[in-house]
Amino acid sequence: MATPVLDKAEAEAQAASPYITVTFRVRRFNPEVSGEAVWEDFQLEIDPKERVLDGLHKIKWELDGTLTFRRSCAHGICGSDAMRINGKNRLACKTLIKDINPEKPITVEPIKGLTVLKDLVVDMEPFFQAYRDVMPFLITKETNEPTRERLQSAEDRERFDDTTKCILCAACTSSCPVFWNDGQYFGPAAIVNAHRFIFDSRDEAGEQRLEILNDKDGVWRCRTTFNCTDACPRGIEVTKAIAEVKRALITRRF
């Protein structure tokens, strides 16, 4: 029998294929099956220009429908798909496979410091409770609805512009060693969102927020390791914001 030979067109098509074989090593946890987490490998044929989120979708849709993770907008805005990828906190929707050495297994696991509910899904309630505790909304002494726009100069707006970028993904908070060891710490994200209003010239509750963060579990727990700044997918200077809140507590100037 003659050996089948690819025609030239087929050979060129295969040579030009963008797909590579990648191993996803995912940390799995299902409390209904076992109290212990295990690592599971999945082999994928995927374009390296795709995102880690695309790889997780491929696993769920084609290989194992029980894989559980959060995602929503898939464009780096909702912050719901924060996870540890190759040991670093990242958004799966913003991490390209080609940028994380696909020649080796790509490890994917839940963010640290929060209780794992299943696979890559963690209990975000402690994180959001800290966020709510710093009163992340504009507070004024006016009792009635304003009759005109609250004006603000470009310079005043610039003062807190950086901390308006937070998408509450918890990447910064769950990268913090203090938060890992003590879940009572407010954490970087809560402090960043307090900063956003403390330094807003239209707000009148800065003193209240400073007192909240002056607690033993507040801003003074920060050890300035810069993990939070490195982890932020939005490029917020988190450590700088925390330092500014500390300075405001000492000087009462903001």
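Residues numbered from 1 in each chain as written. Predicted model: local features only at pLDDT ≥ 70, side-chain atom pairs only at ≥ 80, totals over all residues. Heavy atoms only, no water.

## Details of helix H7 (residues 206-213)
Phase 1: Within H7 the residues assigned to the buried category are Gly206, Arg209, Leu210 and Leu213. Down the axis of H7, the buried set is contained in an arc of 100°. They therefore lie on one face.
Phase 2: On its buried side, H7 packs onto helix H6 (188-198) and helix H9 (238-251). (Buried < 20%, exposed > 50% of the residue type's maximum accessible area, 1.4 Å probe, protein only. Helix = DSSP H or I, 4+ residues; strand = E, 2+ residues; numbered from the N terminus. Arc of directions from axis to C-beta. Contact = heavy atoms within 4.5 Å.)

## Observations concerning the packing of aromatic side chains
Phase 1: Per the counting criterion, the structure on display carries one aromatic pair.
Phase 2: Centroid distance Phe127 to Phe128: 5.2 Å. Interplanar angle 75°. Geometry classified as edge-to-face.
Phase 3: In this arrangement the basic side chain of Arg159 is found over the ring face of Phe199, its NZ or CZ atom lying 4.1 Å from the centre. (Phe/Tyr/Trp six-rings, centres within 6.5 Å; stacked < 30°, edge-to-face > 60°. Lys NZ or Arg CZ within 6 Å of the ring centre and 35° of its normal.)

## Points about the sheet that holds strand E1 (residues 20-28)
Phase 1: Spatially, the five strands line up as an open sheet ordered E2-E1-E5-E3-E4, and their pairing is mixed. Looking at which strands have only one partner, the edges of the open sheet turn out to be strand E2 (38-46) and strand E4 (88-91). Each strand of the sheet is rotated relative to its neighbour by a mean of 35°, with strand direction disregarded.
Phase 2: One ladder, built from three bridges, connects E1 with strand E5 (residues 106-109); its direction is parallel. Bridge pairing in E5 links Val26 to Val108. (Pairing = 2+ DSSP bridges. Axes fitted to C-alpha atoms, helices over the stretch in contact; angles between N-to-C directions.)

## Points about the domain arrangement of the chain
Phase 1: As far as domains go, the chain holds domain 1 (14-122) and domain 2 (125-253).
Phase 2: Once you take the C-alpha centre of each, domain 1 and domain 2 turn out to be 30 Å apart.
Phase 3: Contacts between the two partners involve twelve residues from domain 1, matched on the other side by 13 residues from domain 2.
Phase 4: Interface of domain 1 and domain 2: buried area, both sides summed, is about 1,000 Å²; carbon and sulfur atoms make up 61% of it.
Phase 5: Among the residues domain 1 hides against domain 2, the three largest losses belong to Asn89, Lys112 and Leu114. Together they make up 44% of the total. (Domains from an automatic or database assignment. Buried area = accessible area lost by both parts, 1.4 Å probe.)

## Considerations on the nonpolar core
Phase 1: Formed by 63 residues in total, the largest nonpolar core has its most connected members in Phe24, Leu56, Val108 and Leu213.
Phase 2: Taken together, domain 1 (14-122) and domain 2 (125-253) each give at least three residues to this core, which thus spans both.
Phase 3: For Phe24, the contacting residues outside a window of four places in its chain are Glu40, Asp41, Phe42, Leu44, Val52, Gly55, Leu56, Ile59, Ile97, Ile106 and Val108. (Core = buried A, V, L, I, M, F, W, Y, C linked by side-chain atoms within 4.5 Å.)

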